[in-house]
Amino acid sequence: MKKLLMGNEAIAYGALHAGVRVAAGYPGTPSTEILETLAKIHDGSVYLEWSVNEKSALEIAAGAAYAGARAMVTMKQVGLNVASDPLMSLNYVGVKGGLVIVAADDPGPISSQTEQDTRHFAQFAKMALFDPSTPEEAYAMTADAFAFSEKYGQPVLLRPATRVCHSRADVELAAPLRVSAPEGFVKDPRWVIFPRLTFANHIRLEQKLVEMSEEFSRYPKNYVTGGGTLGIAAGGVSYAYVNEALQNLGVSCKLLKVSSYPFPRDLALAFLDGLEEALVIEELDPVIEMELLRLMGSAGQSLGRSSGVKIKGKLTGHTANAGENSPESVSAAVASFLKLNAAPSQPERLARPPDVPARPPILCAGCPHRASFLAVKEAADNAVFCGDIGCYTLGNAKPLDMVDTCLCMGAGITVAQGLHRVEPHKTHFAFIGDSTFFHSGIPGIINAVYNQTDIIVAVLDNATTAMTGGQPHPGTGKTLTGSSPPIDIGKILEAIGVTDIVRADPLDHAAAKAAVTKVLPLTGVRAILFASPCAAKIKKPIYAVDAEKCRSCEICVAKLGCPALTMQNGKADIQRALCAGCGLCGQICPFHAIGGAL
Amino acid sequence: MSSALNIMIAGIGGQGIVLASKIIAQAALARGLHVRTAETIGMAQRGGSVASHVRIGNEIHSPLIPRGTARVLLAFEPAEAIRHFPYLSADGAVIVCDMAIQPTADAYSVDAALSFLKENVRHLKIISGAALRRAMESVKTANMIMNMIMLGAASECGALPFSADELAAAIRALLPEKYWGINISAICAGRKACHD
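Residues numbered from 1 in each chain as written. Chains lettered and ligands numbered in written order. Predicted model: local features only at pLDDT ≥ 70, side-chain atom pairs only at ≥ 80, totals over all residues. Heavy atoms only, no water.

A. Fine view of the overall build of chain B. Across its full length, chain B holds seven helices and six strands. Helices and strands in chain B line up, N terminus first, as β-α-β-β-β-α-β-α-β-α-α-α-α. In terms of C-alpha radius of gyration, chain B reaches 15 Å, essentially the compact-globule figure of 16 Å for 196 residues. Taking the principal axes of its C-alpha atoms as reference, chain B extends roughly 45 × 40 × 35 Å. Charge separation in chain B, taken as the distance between the mean sites of 18 positive and 15 negative side-chain charges, equals 4 Å. (Helix = DSSP H or I, 4+ residues; strand = E, 2+ residues; numbered from the N terminus. Rg over C-alpha atoms; globule rule 2.2 N^0.38 Å. Lys, Arg positive; Asp, Glu negative; His and termini not counted. Charge placed at Lys NZ, Arg CZ, Asp CG, Glu CD.)

B. How the structure looks around the pairing of strand β11 (residues 254-257) of chain A. All names here are of chain A. Burial of the side chains of β11 extends over both faces: Lys254 and Leu256 are buried on one face and Leu255 and Lys257 on the other. In the sheet, strand β10 (residues 230-234) pairs with β11 via four bridges, with the strands oriented parallel. Each bridged residue has a counterpart across the sheet, and for Ile232 the counterpart in β11 is Leu255. Viewed along the sheet, the connection from β10 through helix α10 (residues 237-249) into β11 turns out right-handed. (Buried < 20%, exposed > 50% of the residue type's maximum accessible area, 1.4 Å probe, protein only. Pairing = 2+ DSSP bridges. Right-handed = clockwise from strand over helix to strand, strands pointing away.)

C. Local environment of the domain arrangement of chain A. Annotation of chain A at the domain level lists domain 1 (2-215), domain 2 (223-337), domain 3 (368-531) and domain 4 (543-596). Inter-centroid distance (C-alpha atoms) of domain 2 of chain A to domain 3 of chain A is 48 Å. (Domains from an automatic or database assignment.)

D. Layout of the environment of A:Val171. All names here are of chain A. When you line up the elements, Val171 lands in strand β8 (residues 167-172). With relative accessibility at 1%, the residue Val171 sits in the buried group. For the pair Val171 and Val502, spaced 331 residues apart in the sequence, the C-alpha separation amounts to 52 Å. Dropping the residues within four chain positions of it, Val171 is found in contact with Met1, Lys2, Lys3, Leu5, Pro135, Glu136 and Tyr139. (Contact = heavy atoms within 4.5 Å.)

E. View of the environment of B:Ser49. Looking at the element boundaries, B:Ser49 is found in strand β3 (residues 49-56). A polar atom in the side chain of B:Ser49 sits 3.4 Å from the side chain of B:Arg83. (Polar contact = N/O pair within 3.5 Å; in protein donor to acceptor, adjacent residues only side chain to side chain.)

F. How the structure looks around the sheet that holds strand β2 (residues 35-38) of chain B. With mixed pairing, eight strands are arranged side by side in an open sheet as β1(A)-β8(A)-β2(B)-β3(B)-β1(B)-β4(B)-β5(B)-β6(B). Each edge of the sheet is formed by a strand with only one pairing partner; in this case those strands are β1 (2-6) of chain A together with β6 (123-127) of chain B. On average, each strand axis in the sheet is tilted by 20° relative to the strand beside it, whichever way the strands run. (Axes fitted to C-alpha atoms, helices over the stretch in contact; angles between N-to-C directions.)

G. Representation of the side chain of B:Arg55 within the structure. Residues and elements named next belong to chain B. Among the secondary structure elements, Arg55 is positioned in strand β3. Taking the relative accessible area as the measure of exposure, Arg55 reaches 0% and is therefore buried. A polar side-chain atom of Arg55 sits 2.9 Å from a polar atom in the side chain of Asn6.

H. Just the packing of aromatic side chains, in detail. Taken as a whole and assessed by the stated rule, the structure comprises 16 aromatic pairs over all chains. Taken together, the ring pairs connect A:Phe130, A:Phe148, A:Tyr152, A:Phe216 and A:Tyr219 into an aromatic cluster. Cation over ring: A:Lys257 sits above A:Tyr239, and NZ or CZ is 5.5 Å from the ring centre. For the cation-ring pair, B:Arg67 lies above B:Tyr87, with the distance from its terminal atom to the ring centre recorded as 4.9 Å. (Phe/Tyr/Trp six-rings, centres within 6.5 Å; stacked < 30°, edge-to-face > 60°. Lys NZ or Arg CZ within 6 Å of the ring centre and 35° of its normal.)

I. View of α10(A). All names here are of chain A. Across its 13 residues, α10 extends 19 Å between first and last C-alpha, which sits within 8% of the 18 Å expected from 1.5 Å per residue. With twelve of 13 residues buried, α10 is to be regarded as a mostly interior element. Restricting attention to buried positions, one finds in α10 the residues Val237, Ser238, Tyr239, Ala240, Tyr241, Val242, Asn243, Glu244, Ala245, Leu246, Asn248 and Leu249. (Expected span 1.5 Å × (residues − 1).)

J. Summary view of the interface of chain A and chain B. Contacts between chain A and chain B engage 55 residues on the former and 59 residues on the latter. Buried area between chain A and chain B, summed over both chains or domains, comes out near 4,800 Å², and the portion from carbon and sulfur atoms is 59%. At the boundary of chain A with chain B, the tally comes to five salt bridges. Here B:Glu39 ties to A:Arg168 by a salt bridge, and the two come within 2.8 Å at their closest N and O atoms. One can count 18 residue pairs in polar contact (both at pLDDT 80 or more) joining chain A with chain B. Secondary structure elements with two or more residues in the side of chain A that touches chain B: β1, α7 (135-152), β8, α10 and α13 (327-337) of chain A. (Buried area = accessible area lost by both parts, 1.4 Å probe. Salt bridge = Lys/Arg side-chain N within 4 Å of Asp/Glu carboxyl O.)

Right, dumping it as structure tokens:
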């Protein structure tokens, strides 16, 4: 049966059809839809959860795999950094049930802090990795990855990138596998990592990597096609761009498709044999390129060419070493490599369209974060504002301009402490969202209390994980599949020892400002809990401008940066289709010209 | 040169671009055609510029449309039509809604954008904001069905190779039953808006 599936949905179907029993993860673009899809399509046979963070998720999946169940964990690439502690050790312990770790990479980056390449993590952790080029491959490789993991008794990485995760195709679905019930956990010294065990397993692991490389040379999704003295090696979605380019250019050449780590050494040797030059097309880091260079170094002479095969790619400047590939960039690189003119499919246009201003993502109309930022800005303009990861990172845009630092999940809390140690005379705010608070904010706040740092923690609680589309977290009372008593952020702060905690509705502008003013002169760790639900989740009556009363001062437009507010014919105007009814503009208008409409 | 039918859908996060591309892809699948799409999901959805690439045909590899090869550009906003114009093929069709949403940081001239399209696109259909609002009122709802109105208009003016019935079938295949009525009515309202 063919079904229209996004890559992430295909991975969910692949896992379900491969008999996954336990799946956990933390939301992160471009990986989020995998677990959401599993929650929609499973028949009750799978335990599913949004974990508080990626480290917890991986450890939960590891436990399930120790007990013999097939388990999966999903995250974005930077989530793998958080999960890297269990990741690095787990491979020395191994698993019993198949364990597939899905880490979605984001070339560009389109929605991430880094352009890191998870293939390096596979090399670093000495772990097998599957790298699909299409949603169809993502579906098939998920099942392959489970089987591979069980065969070798090792966890396996699956690394789709954005253009696979968020690309749809008609995917042919196979019949679900019948997987026998898990054997259960069997007590054994193998599950306890000790230096002696690590050494013994390291030796086995190195041997397994050799065997895996041999198996991957025979794996049907690694292959060589075509012939000639010029060859192109590619992996991921770039392989699709290469085929698109060759089709448009009307040529063919020798091709190596690489879909795995360990590198399929024997297959790559067959590719290099007889070549004069090879071009490598891949996104993020030159991983395939380095492997080919390494092969040339160790086996170049056996290829029968004294001069060796010239390897072109990122290291030689033939392809870009940062950013996302595109059909155009790959077509240009391929045409130049094959000494052809650029693809005929890109005619030079005579007409050049007028410039239009960039339209970056912004806080939604009615977003309570805008109100929280405005309250703090007006009450404490000279402070330093440490931001964090979430929708509220968008508070950096003008006119709010309220994010002075942003590093990684939870770092706002701790970076603020470091800044304060150097400049104790300044006021340091740390903004953190509710989901990020549970993910990795709590240890940083404990650190601040323990080490007696003067910072103000502003929790922006919109009762959801908003940036990734509204997933539940421990404070919401909901789980991925059901409900759970909500965990109160204020009570956690109290328990930690934060003595000055004020709560405010950010959309009550005067009260929100008063809350900031109250904690400002105090010392130690103080907290403001700004609580108001995400504007995407609620509908309120919208607002309108009374043109008679509007004095064209533009204060509302200049202060708020709200997408629903613009100046039209010299007067402030609210676009009805965009207004979410937060009422903040009505509260800051000095002439009371904005009020609830309808 | 690729024989794929490339359709670019451009707009602003929140206008329902992803669902619009899904409906077209599902209609293609129902006809037994091979389809690939690429969508903007995540950070860029927050009021930012977004585009969906839909490619239909047998020999498609890339999910992204190569520049200069889109046979149809369906733009929900004039500036987004201009931004994605380089994807359009020389004889491609543009269906654009003239209701502007000005970027917060900087305003642009809607007139200049529309005149450029009038001068440079042979197959141009402008859906007026007034026609759009009438269509919305006829379905008795606000912004959330703009995507279906635009699909209905594109189908009616011949830019999409799928009939309103095929789009309705795709809606029924993809959405829960409670959303069928409103979305299918919006497709019909869009067909009218095309002649408005």
